[in-house]
Amino acid sequence: MTVTGHVHGATRTDSPSQPATVPAPAAAFHGESAPGEGTPWWRDAVIYQVYIRSFADGNGDGVGDLLGIRTRLPYLRTLGVDAVWITPFYASPMADGGYDVAEHREVDPLFGTLGDAEALIAEAHRLGIRIIVDVVPNHTSARHRWFREALAAVPGDASRERYIFRAGRGERGELPPNDWESVFGGPAWTRIAERDGGPGEWYLHLFDPAQPDLNWRHLEVRAEHEDILRFWLDRGVDGFRIDVAHGMIKADGLPDVGYSGQIEMLGSSVLPYFDQDEVHEIHRSWRRILDEYPGQRIAVAEAWAPSLERLAAYVRPDELHQAFNFHFLGTPWQRDDLRRVIDDSLRTSSLVGAPTTWVLSNHDIRRHVTRYGDGERGLRRARAAALMMLALPGSAYLYQGEELGLEEVLDLPEELLQDPQRLRSEDGSSGRDGCRVPLPWGGSESPYNFTPLNIADSWLPAPDRWREKTVEAQWTDPASTLGLYRRALELRRKLPALGDGQLDWPDGSADLLSGDADDLLVFHRAPGFVCTVNVGERPVTIRRPGALELSSVELGEAAAVAADSESPATDAVVLPPDSTAWWSIR
Ligand code: GLC
């Protein structure tokens, strides 16, 4: 990792919204390097995901917005992140929280104005934080001008060719054109009524019916998206997160899959509507656009590829810079599984010369505290997993609220739930609202200062138990989860071994004094860094690898072990269950 002269972060006594230090000028971006020199910033960046509806509300309507993000930038700066990815804030009917875009160059009034977006980008840059925005190319909103034109037209009209309209099967076209399933449940096709009111063609929507899929073989669709990219690049954004980057191209002839339950296979099987080879041509053309702009603009793929090898294709040198590693995210808290996914990830991405992009949570997935078992155990593991992730070579994404140790909220009032995925799923259980509950900033009851002066309820209520998890409650406590993340990010900048680079696995059992070797992961990073992880339920005692830099829980005294082993007490250390520790060695 290249550490520049820029000191990022402030003292422990500063307040979350007002850093004690004077912001650095934009030129002081962390990792800034002239082309051809040093490590490009994105190879080891820590990027914080803002789910805009739930980060911070600036105008008091109970929904997060651009002004809210701007107000809280000092918090992100002090947390120590390099960049922020903001989920869609474009004009949208909000059928899928903004992932149904009706006008890509306009800001939805719910989130502010174009002026607010520009002010946010400028202020973030002033604070040394880069801004990544979402681009949603697989589909538009059903309220998009193009789709309205297509609906108003007749079958065969050119305006229908921008989308994927087909006649139905069956005697009267009453059956969908093929057996494809929507990611949100049910068939991926909806039949429209034609102008005469009679049943007509079907259109494809891999997500909600309010999100018709575009036809990426249509030149106008390509040209329009290139223009959208330039529109936002011209406004200074530092990159894009590409929504459903594995979508867009559908196999010729739209062949049947042949089985149901297709979405469960997402990320492990080849489907005719995802991860088609031709999609890479689109990414290559986008890379050329990014490279035309100064300042290392990037793109990160949200790509659910069936294998790490296929995922690596998205980050070939002439394609995108990063791709979320969902294989890592989905790995159980087990030594062999973790080691395998880490090795396979590093191997496959290094084959194409790319870094790996680690991630544990996002706005579509159950928060990792809950995935790891919820309660105290879930939190303990989540803290250990975060510290492990932040020590791995490459870049990492943090999802808002994970730095507070937030868990999934599973008991939201039914009538407030909004996620279309939940509404379309058969058992109603797979909704994503539980990871989208507005952040608790301070105070003692919902909405926990999410809204200025708490003047309105937040669009989803935060639970009472979050009183102890607010930013305010954790801010000055180094033992809190927020304290752990702040310190980890500070050390990532300070210790030259962390960030981009390699790792080695020494023979783990060599330094084991007691406990199960199968619970222990140990990796080294040069120069002089060791990360130890105990994924087991019992303590493990090892020979102290070096000077302790940080640990996810307090490490134990090793006196008892020393009594029945030959090692002196000072040389042994107990790694408690579900814990990670960072060590420096000379
Ligand atoms: C991506 C987004 C998700 C959205 C879907 C459809 O997976 O992360 O939130 O529902 O695309 O746009």
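The coordinates are above.
Residues numbered from 1 in each chain as written. Predicted model: local features only at pLDDT ≥ 70, side-chain atom pairs only at ≥ 80, totals over all residues. Heavy atoms only, no water.

Caption draft 1: Inspection of the overall build of the protein chain at higher detail. Each helix and strand in the protein chain was counted, giving 15 helices and 20 strands. Relative to the compact-globule value of 25 Å for 586 residues, the protein chain shows a C-alpha radius of gyration of 24 Å, a close match. Across its three principal axes, the protein chain shows a C-alpha extent of roughly 90 × 50 × 50 Å. Considering the protein chain as a whole, with its 586 residues, one finds that 60% of them fall into the buried category. When contacts within the protein chain are restricted to residue pairs at least 6 apart in sequence, long-range pairs at least 24 apart make up 72% of them. Carbon together with sulfur atoms contributes 51% to the accessible area of the protein chain, which is approximately 22100 Å² in total. (Helix = DSSP H or I, 4+ residues; strand = E, 2+ residues; numbered from the N terminus. Rg over C-alpha atoms; globule rule 2.2 N^0.38 Å. Buried < 20%, exposed > 50% of the residue type's maximum accessible area, 1.4 Å probe, protein only. Contact = heavy atoms within 4.5 Å. Areas by Shrake-Rupley, 256 points an atom, 1.4 Å probe, with all protein chains shown as cover.)

Caption draft 2: Looking closely at the sheet that holds strand β6 (residues 165-166). In spatial order, the strands read β6-β8-β7; together these 3 strands make up an open sheet with antiparallel pairing. Each of the sheet's edge strands pairs with one partner strand only, and the pair in question is β6 and β7 (189-193). Two strands pair when backbone bridges link them, and β7 and strand β8 (residues 199-204) are joined in this way by 4 bridges, in the antiparallel orientation. When the bridges of β8 are listed, alanine 193 appears paired with proline 199. (Pairing = 2+ DSSP bridges.)

Caption draft 3: Highlighting the sheet that holds strand β9 (residues 239-242). Here we have 8 strands laid out as an open sheet, ordered β11-β10-β9-β5-β2-β1-β13-β12, and parallel in their pairing. Among the strands making up the open sheet, the edge pair consists of β11 (322-323) and β12 (357-359). Against the sheet, helix α11 (residues 375-391) makes contact with β1 (46-50), β12 and β13 (395-399), and its axis sits at roughly 150° relative to β13, the strand it touches most. (Axes fitted to C-alpha atoms, helices over the stretch in contact; angles between N-to-C directions.)

Caption draft 4: Looking closely at the site of the ligand. Around the ligand there are 14 residues in total, and Asp96, Asp243, Glu302, His363 and Asp364 lie nearest to it. Here an oxygen atom of the ligand and a side-chain polar atom of aspartate 243 are 2.9 Å apart. Contact with the protein chains removes 96% of the 310 Å² of surface that the ligand exposes when unbound. (Near = heavy atom within 4 Å. Polar contact = N/O pair within 3.5 Å; in protein donor to acceptor, adjacent residues only side chain to side chain.)

Caption draft 5: Looking closely at helix α5 (residues 219-234). With 16 residues, α5 extends 22 Å from end C-alpha to end C-alpha; this agrees with the ideal 22 Å at 1.5 Å per step. For α5, the complete set of buried residues consists of Val221, Arg222, Glu224, His225, Ile228, Leu229, Phe231, Trp232 and Leu233. Positioned one or two residues after α5, glycine 236 has a phi angle of 95°, which is positive. (Expected span 1.5 Å × (residues − 1).)

Caption draft 6: Representation of the packing of α5 against helix α6 (residues 279-292). Contact geometry for α5 and α6: axes closest at 11 Å, N-to-C directions at 30°. Here α5 is positioned roughly parallel relative to α6, judged by the angle of their axes. Crossing handedness for the pair α5 and α6: right-handed. Judged by residue contacts, Arg222, His225, Glu226, Leu229, Arg230 and Leu233 of α5 engage Glu281, Ile282, Ser285, Trp286, Ile289, Leu290 and Glu292 from α6. Here the contact of α5 with α6 is composed, by residue class, of 6 nonpolar, 2 polar and 5 charged. (Parallel < 35°, antiparallel > 145°, perpendicular 65-115°, else oblique. Left-handed = near helix turned anticlockwise from the far one by under 90°. Nonpolar A, V, L, I, M, F, W, Y, C, P; charged D, E, K, R; others polar.)

Caption draft 7: Representation of the environment of leucine 329 within the structure. With respect to the helices, strands and loops of the structure, leucine 329 is situated in helix α8 (residues 326-329). In sequence terms leucine 329 and histidine 368 are 39 residues apart; their C-alpha atoms lie 8.6 Å from each other.

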